[in-house]
Amino acid sequence: MNWLARDSRPAATVRLIIALAIIVAVWEAMTRTVITNRLILVPPDDVFAALVTDFSNGSLAKNSAVTLWELVVSFPVAVVAGVAIGVVLAGNRIVASTAEPLLTALNAVPIVALAPLFIAWLGLGFASKFAVIILVSLFSVIISTEVGLRSAPAEFIEAARSFNASSWQIFTTVTLPFAIPFIVGGVRVAFARALVGVIVAEFFGSLAGYGNAILAAGQQFNTANLLAYVVVLGALGLVGSILLRTLETRLAPWREVART
Amino acid sequence: MSGSLGVEAVSKRFAPAGQLGVQALENVSFSVAPGEFISIVGASGSGKSTILRIIDGLIGASGGTVLVDGNPVTRPGTDRAVVFQADTLLPWRTILDNVGYGLRIQGKSRAEARRLARPYIDLVGLRGFELLYPHQLSGGMRQRANVARALAVNPQILLLDEPFAALDAQTREIMQTELLEIWNRDRKTVVLITHQIDEAVFLSDRVIVFSARPGRVRDIVPIELPRPREFAVKRTQEFGVYVERIWSMIEDEVRRAMTSTAET
């Protein structure tokens, strides 16, 4: 039990496997006892079978190619743009105080509600998904970048200035390194939002993709197929989160050391 | 030999726009000879830290000038380096890269900065800790690294802003003797801000006593204790007389500062 509490990769893997096993067991038990209507819930092995079918007939590959391409292209653009805007906001009080109410409003609006509009403007293909992903993920990257840059302790900045550091040197050696963990945190939140955004956008109109497949399965009452794609999305979210955490420890090793 | 410092009629008013503001320093003048070790003591509100920042060029004076080797100070320069009270080592840099920080800012390559930083790591007794991060070191060791970082840029004038204030009493005493040894080696000009009168007397050639609100030079006390000074000098009668004399100058203000804080 003590071993499980450790902050090591094997321990984390074992914890994850145990958690997944519990979820599958509860799921299985539910389908046998409480929910016997197969339209509402199907047992894990049916879902697995549906996954295997879609894998062998090529649907999974086709849908993955569409959704992953949308994410792989759009999300990095959102991150780079968000960091850039955050840097501008952190560096300029006038721009920041002008933009902040707009950004807060942008964050309060459920952007996914605009997805039908984007579909109408930009079509069923890649462009509308690109726009939705950018808009849903931008905000948290901007804010975390700005907050991270602004939170750099004044003592650090003063020490850098005492060595006659230029504004650019203070940015690259003090405020930006200080902001990195904040930014990665914002990117993690943004990734979860992008995942939701791309699926909902595909619901509203698409030719293929996970959202397209889930919608089709739902309309055909093919619960097993629907859940199969939800499981794939869960796996995608998990992988994304693990990758981003690895990135965080890579970019901010001093925090990793702090934990041990 | 260079490293002379002239503070000439410096005053500083902190005034937010449209307000009367606070007179932090008024007509402060003193000079420091090359290689001299001086301390500035005073009650809180005497502008000790402010004068240090003006000497470094971090903030500008409202009036008067600071001259380093005859040249007026307008901004921080490589002839001066500061050791701050607060822990200002960058947590994402190893001790070696923290000590080399000032050299990197001067445009040296990473390898060059590390090569030049190493002797200073040795000087402050941190050999073997180069590749650790600041939070893995004790407060005393971190402050040694801070001193090394300031020394690594090879300044003419070393400015110390209550460098040992955050340390426990034993560590502080050890750090004082270490600082004296380092100073003895290459005799840089040192300006030390401290609220510990015994620290000021033990280390300095002269102690500049500030009065508070506004900060002014109240008196300058030459400390004629023989050098090199050992720890034992603190138990001599002369030492006690110096401490007593300086304390009596600022005692009233310290008490007033205490009661005014209690009232607010």
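Since the structure is predicted, the reported quantities are computational estimates derived from the model, not experimental observations.

What follows deals with the sheet that holds strand 5 (residues 71-72) of chain B. All names here are of chain B. Taken together, the four strands give an open sheet; going across it, the order is 2-1-4-5, and neighbouring strands pair in antiparallel fashion. For this open sheet the edge positions go to strand 2 (22-32) and strand 5, each flanked by a neighbour on one side alone. The sheet contact formed by strand 1 (residues 5-14) and strand 4 (residues 63-68) spans five bridges and is antiparallel. Each bridged residue has a counterpart across the sheet, and for Ser-11 the counterpart in strand 4 is Gly-63.

It is worth spelling out the confidence of the model for chain A at this point. Summarising the model, chain A shows a mean pLDDT of 87, and 97% of its residues fall at 70 or more. Within chain A, the lowest mean pLDDT, 56, falls on helix 11 (residues 253-259) of chain A, and the highest, 93, falls on helix 7 (residues 154-162) of chain A.

If you want to describe how two helices pack, look at the angle between their axes and the distance between the axes. Residues and elements named next belong to chain A. Their axes nearest at 10 Å, the elements helix 3 (residues 59-91) and helix 8 (residues 167-204) cross at an angle of 140°. As helix 3 packs across helix 8, the resulting crossing turns out to be right-handed. Where helix 3 approaches helix 8, its residues Thr-67, Glu-70, Leu-71, Phe-75, Ala-78, Val-79 and Val-83 are matched on the opposing element by Ile-183, Val-187, Ala-190, Phe-191, Ala-194 and Val-198. Residues belonging to the contact of helix 3 with helix 8 are distributed by class as follows: eleven nonpolar, one polar and one charged.

Residues and elements named next belong to chain B. Among the five residues in strand 7 (residues 157-161), five count as buried, and that is most of the element. Burial along strand 7 is two-sided: the face carrying Ile-157, Leu-159 and Asp-161 and the face carrying Leu-158 and Leu-160 are both buried. Sheet topology note: the strand 6 (residues 80-83)/strand 7 ladder contains four bridges and is parallel. Within strand 7, the residue paired with Val-82 across the bridge is Leu-159. Across five bridges, the pairing between strand 7 and strand 8 (residues 189-193) is parallel.

What counts, and at which threshold
- Residues numbered from 1 in each chain as written.
- Chains lettered and ligands numbered in written order.
- Predicted model: local features only at pLDDT ≥ 70, side-chain atom pairs only at ≥ 80, totals over all residues.
- Pairing = 2+ DSSP bridges.
- Helix = DSSP H or I, 4+ residues; strand = E, 2+ residues; numbered from the N terminus.
- pLDDT = per-residue confidence, 0-100.
- Axes fitted to C-alpha atoms, helices over the stretch in contact; angles between N-to-C directions.
- Left-handed = near helix turned anticlockwise from the far one by under 90°.
- Contact = placed C-beta atoms within 7 Å.
- Nonpolar A, V, L, I, M, F, W, Y, C, P; charged D, E, K, R; others polar.
- Buried ≥ 20, exposed ≤ 12 C-beta atoms within 10 Å, placed from the backbone.

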